[in-house]
Amino acid sequence: AQTVTQSQPEMSVQEAETVTLSCTYDTSESDYYLFWYKQPPSRQMILVIRQEAYKQQNATENRFSVNFQKAAKSFSLKISDSQLGDAAMYFCAYRSETGNQFYFGTGTSLTVIP
Amino acid sequence: DVKVTQSSRYLVKRTGEKVFLECVQDMDHENMFWYRQDPGLGLRLIYFSYDVKMKEKGDIPEGYSVSREKKERFSLILESASTNQTSMYLCASRYQGLHSNQPQHFGDGTRLSIL
């Protein structure tokens, strides 16, 4: 099984500031997909951003961007101009190109300080 | 938008009971998944189904079974509930395409307590 590691159980950020959440993964495959999901308190888990391993360009979705370092097997999420609504649990996930299973990290709880 | 509906948000059952958790999706997705979510452990896959009547064990299938008789519905069954199965259960679905970046879509979750 693939391993996805989120080494920061909790993070906090001041409103309007920038925060980076870390994720590393272990794989011997060259083609795969990476995802960041957000789970607000008592609410549904939703997709934040995704990255294809074959793409060198880092994905960006409005205030959310990733730093994908394939050689280092690192996939960090940067949130710019943090808002109160960004407070949530964030999960990093991996899926190989040839498999159906997703592998999730243990999550990072993000607090946004007004 | 994809809609994944789990039958209950909160459920309380007793030890030894047979428990059914239901999940329905409305986007004709081939793949469906059941996870349990526990603090500090993230999401752990219990079972998944890649098509009707097809199922595969995930990482923690012991004490659980599943049923997928129709494409839109994936049921998780606790054969004889135990207190260590108290948890948050998440259902997800996904368009099959192997060589695609299609994400999973999640339901709201069922918080199950076994007394």
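Before reading further, recall that the structure is shown in the block above.
All values reported here derive from a predicted model rather than from experimental measurement. (Residues numbered from 1 in each chain as written. Chains lettered and ligands numbered in written order. Predicted model: local features only at pLDDT ≥ 70, side-chain atom pairs only at ≥ 80, totals over all residues. Heavy atoms only, no water.)

1. A closer look at the interface of chain B and chain A
- On the chain A side, the residues contacting the 28 residues of chain B number 21 residues.
- Summed over both sides, the interface between chain B and chain A buries roughly 2000 Å², with carbon and sulfur atoms accounting for 50% of that surface.
- Where chain B meets chain A, there are zero salt bridges.
- Taken together, the links from chain B to chain A amount to seven residue pairs in polar contact (both at pLDDT 80 or more).
- For the side of chain B that touches chain A, the elements supplying multiple residues, two or more each, are β4 (31–38), β5 (42–51) and β9 (87–94) of chain B.
- A breakdown of the residues in the side of chain B that touches chain A according to their chemical character gives twelve nonpolar, twelve polar and four charged. (Contact = heavy atoms within 4.5 Å. Buried area = accessible area lost by both parts, 1.4 Å probe. Salt bridge = Lys/Arg side-chain N within 4 Å of Asp/Glu carboxyl O. Polar contact = N/O pair within 3.5 Å; in protein donor to acceptor, adjacent residues only side chain to side chain. Helix = DSSP H or I, 4+ residues; strand = E, 2+ residues; numbered from the N terminus. Nonpolar A, V, L, I, M, F, W, Y, C, P; charged D, E, K, R; others polar.)

2. Digging into the environment of A:Y32
Residue and element names in this part refer to chain A.
- Residue position: Y32 is located in strand β5 (residues 32–39).
- Taking C-alpha positions, Y32 is 4.7 Å from E97, a pair spaced 65 residues apart along the chain.
- Residues within four places of Y32 in sequence aside, it is in contact with Y25, T27, Q51, E52, A53, F68, K70, Y94, R95, S96 and E97.
- Within polar-contact distance, the side chain of Y32 engages the side chain of Y25 at 2.7 Å.

3. Focus: the packing of aromatic side chains
- Within the structure shown, the criterion is met by 18 aromatic pairs over all chains.
- Between A:Y94 and A:Y103, the aromatic rings sit 6.5 Å apart at their centres with planes inclined by 50 degrees, giving tilted as the arrangement. We note that A:Y94, like A:Y103, is buried.
- Taking the centre distance of 5.4 Å and the plane angle of 85 degrees together, the rings of A:F104 and B:Y35 count as edge-to-face. Highlighted residues: A:F104 in strand β11 (residues 103–104) and B:Y35 in strand β4, drawn from two different chains.
- One aromatic cluster is present, built from ring pairs that chain together A:F35, A:Y37, A:F102, A:F104, B:F33, B:Y35, B:F48 and B:F106. (Phe/Tyr/Trp six-rings, centres within 6.5 Å; stacked < 30°, edge-to-face > 60°. Buried < 20%, exposed > 50% of the residue type's maximum accessible area, 1.4 Å probe, protein only.)

4. A short note on the sheet that holds strand β3 (residues 19–25) of chain B
Residues and elements named next belong to chain B.
- Taken in spatial order, the four strands make up an open sheet running β1-β3-β8-β7, and their pairing is antiparallel. Two strands close off the open sheet at either side, each with one partner strand: β1 (4–6) and β7 (64–70). Averaged over all pairs of adjacent strands, the angle between their axes in this sheet comes to 20 degrees, without regard to strand direction.
- The pairing of β1 with β3 spans three bridges and is classified as antiparallel. Opposite Q6, over in β3, you have C23 as the bridge partner. (Pairing = 2+ DSSP bridges. Axes fitted to C-alpha atoms, helices over the stretch in contact; angles between N-to-C directions.)

5. Re the nonpolar core
Residue and element names in this part refer to chain A.
- Ranked by internal contacts, the top residues of the largest apolar core, which has 26 residues, are Y25, W36, F75, L77 and Y90.
- When residues of this core are traced back to their parent elements, those giving at least two are β3 (19–21), β5, β6 (46–52), β8 (64–69), β9 (74–79), β10 (88–96) and β12 (108–113).
- Per element, the largest residue contribution to this core is four residues, and it comes from β10. (Core = buried A, V, L, I, M, F, W, Y, C linked by side-chain atoms within 4.5 Å.)

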